[in-house]
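Structural overview for review
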Amino acid sequence: MKAIKRLKWIAGVLGALVAVAGVGFWLRPVSYFNRINELRECLSGVENRSVTVAGHRVHYLAQGPAAGPVVVLVHGLGGRAEDWRALAPFFAKAGFRVYLPDLPGYGRSEQPVDFSYSMHDEAEAVVGFLDALGLKQVDLGGWSMGGWIAQRIASEHPERVRRLILFDSAGIYEKPAWDTRLFTPTTPAELDQLEALLVPNPPKIPGFIARDILRLSKQNAWVIHRVLDRALTGRDATDSLLPGLKMPVLIVWGAEDRITPLSQGEKIHQLVPQSQLEAFPGCGHLAPGQCTAQIGPRVVEFLKQ
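Counting its regular elements, the protein chain contains ten helices and eight strands. Its C-alpha atoms give the protein chain a radius of gyration of 21 Å, within 12% of the compact-globule value 19 Å for 305 residues. A buried classification covers 50% of the 305 residues belonging to the protein chain. For the protein chain, long-range pairs separated by at least 24 residues make up 74% of all intrachain contacts whose partners lie at least 6 apart in sequence.

Below is the structure:
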């Protein structure tokens, strides 16, 4: 009899825990997805660390052999280190040591209110990150805004960049043909519009997940607004810097990109004589995460040249 009561008690506790977890998932699904991804990282050997750069904590992920040649990948606007989770293993498996920093203001790094969030200052933060880890020269990649930042590093600190990879990169001065306010969506309709810009034929986002994404968008909107207020002036544009790059440059683009259209990749290619341009059909602005099977081998080939 006692055993039966004990089993009923255990079943009741487990049922309560499942109910609490279900409610938590319903209210904060993005947090649950993030924790699952972090568990996967841990189980697959991805290192989760942080360093101090200019007095602020910068979080980063690292994977691949410790003695391998170094690749540093910089995420885009509103992004985080985990955005590279599909592509980074290609480098690690090829023998490279891969570092994925969260830029100041993003992911698990600090959000300092006294930071400008300009491309120049984010570029200096990445250089500070390299210094903190003792990385003298690296292969540097950047996606979207991260590509813009990487261009500035390659121009202002060319001795630090062995090869440069630009993924659907911003940077050249061209007024967006879409409403930049969509980067901080406030309604499900605006979120759908943003997804349509980012991904060809995007799947429908369930309502409870959309609600949580909008909550986080509101929470982080001040950082995005500070970036866009500066970026849209064109003061940090790289048009005049690109012709001076001397290192090998690979330009990787989703042919269906609507955020930074392929025409921008073609202009960067024209401005950098020694560059190679690879456009991938059927891929949009999120090509490094969604077209990884096509992109990964090509980028590894470039790095091994």
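On we go.
The next point concerns the layout of surface pockets. Within this model, the largest pocket holds a volume of roughly 1800 Å³. Around the largest pocket, the lining comprises 48 residues; the ones closest to its centre are Gly78, Gly79, Arg80, Asp83 and Ile213. Mapped onto the lining of the largest pocket, the elements with two or more residues apiece are α2 (29-43), α6 (188-198), α7 (207-231) and α9 (287-290). The element best represented in the lining of the largest pocket is α7, accounting for ten residues. The class makeup of the residues in the lining of the largest pocket is 22 nonpolar, 17 polar and nine charged. Computed from the structure, the second largest pocket encloses a volume of approximately 420 Å³. Breaking the lining of the second largest pocket down by element, the ones donating at least two residues are α5 (145-156) and α7. Broken down by element, the residue count for the lining of the second largest pocket peaks at three residues, all from α7. Of the residues assigned to the lining of the second largest pocket, the class counts are 16 nonpolar, six polar and two charged.

This structure, assessed with the given rule, holds one disulfide. Two residues, Cys283 and Cys291, share a disulfide whose sulfurs are 2.1 Å apart. Residues Cys283 and Cys291 are joined by a disulfide whose S-S torsion is about -115°; by sign, that bridge is left-handed. Judged by its relative accessible area of 7%, Cys291 is buried.

Let's shift gears to helix α8 (residues 262-271). Count 3.6 residues to each turn of an α-helix, and residues three or four apart come out pointing the same way. Burial in α8 covers these residues: Leu262, Gln264, Gly265 and Ile268. For α8, the buried positions fall inside an angular range of 155° around the axis, keeping them on one side. Against the buried residues of α8 lie α5, β6 (161-167), β7 (249-254) and β8 (275-280).

In terms of nonpolar packing, the biggest core is built from 56 residues, with Leu140, Ile149 and Leu164 touching the most fellow members. In this structure, Leu87, Val252, Cys283 and Leu303 belong to the second largest nonpolar core, which totals 26 residues.

Taken as a whole, this structure holds 14 salt bridges when the rule is applied. Put simply, Asp139 and Arg162 hold a salt bridge, and the shortest N to O gap is 2.4 Å. Of this pair, Asp139 sits in strand β5 (residues 138-143) while Arg162 sits in strand β6; the two residues are 23 residues apart in sequence, bridging distant segments of the chain. Taking the relative accessible area as the measure of exposure, Arg162 reaches 33% and is therefore partly exposed. Each of the salt bridges in this network shares a partner with another, and the network as a whole consists of Glu47, Arg49 and Arg97.

With that settled, consider the sheet that holds strand β3 (residues 70-74). Ordered in space as β1-β2-β4-β3-β5-β6-β7-β8, the eight strands form an open sheet in which the pairing is mixed. The open sheet terminates on both sides in strands that have one partner only, identified here as β1 (47-53) and β8. Strand-to-strand twist across the sheet, computed as the mean angle between neighbouring axes with direction ignored, equals 20°. Where β3 meets strand β4 (residues 97-101), three bridges bridge the pair, whose relative direction is parallel. Its bridge partner being in β4, Val71 is matched across the sheet by Val98.

In this section: α5. Under the 1.5 Å per step criterion, the end-to-end length of α5 is 17 Å for twelve residues, consistent within 8% with the ideal 16 Å. The buried fraction of α5 is high, at ten of twelve residues. Taken together, the buried positions of α5 are Met145, Gly146, Gly147, Trp148, Ile149, Ala150, Gln151, Arg152, Ile153 and Ala154. Elements in contact with the buried residues of α5: β3, α4 (119-133), β5, β6, α7 and α8.

Analysis parameters
Residues numbered from 1 in each chain as written. Predicted model: local features only at pLDDT ≥ 70, side-chain atom pairs only at ≥ 80, totals over all residues. Heavy atoms only, no water. Helix = DSSP H or I, 4+ residues; strand = E, 2+ residues; numbered from the N terminus. Rg over C-alpha atoms; globule rule 2.2 N^0.38 Å. Buried < 20%, exposed > 50% of the residue type's maximum accessible area, 1.4 Å probe, protein only. Contact = heavy atoms within 4.5 Å. 1 Å grid on protein atoms, 1.4 Å probe; cavity = no way out; pocket = protein on both sides within 12 Å on 5 of 7 lines; lining within 4 Å. Points joined across faces, edges and corners; volume = space filled by probe spheres on them. Nonpolar A, V, L, I, M, F, W, Y, C, P; charged D, E, K, R; others polar. Disulfide = S-S within 2.5 Å. Arc of directions from axis to C-beta. Core = buried A, V, L, I, M, F, W, Y, C linked by side-chain atoms within 4.5 Å. Salt bridge = Lys/Arg side-chain N within 4 Å of Asp/Glu carboxyl O. Pairing = 2+ DSSP bridges. Axes fitted to C-alpha atoms, helices over the stretch in contact; angles between N-to-C directions. Expected span 1.5 Å × (residues − 1).

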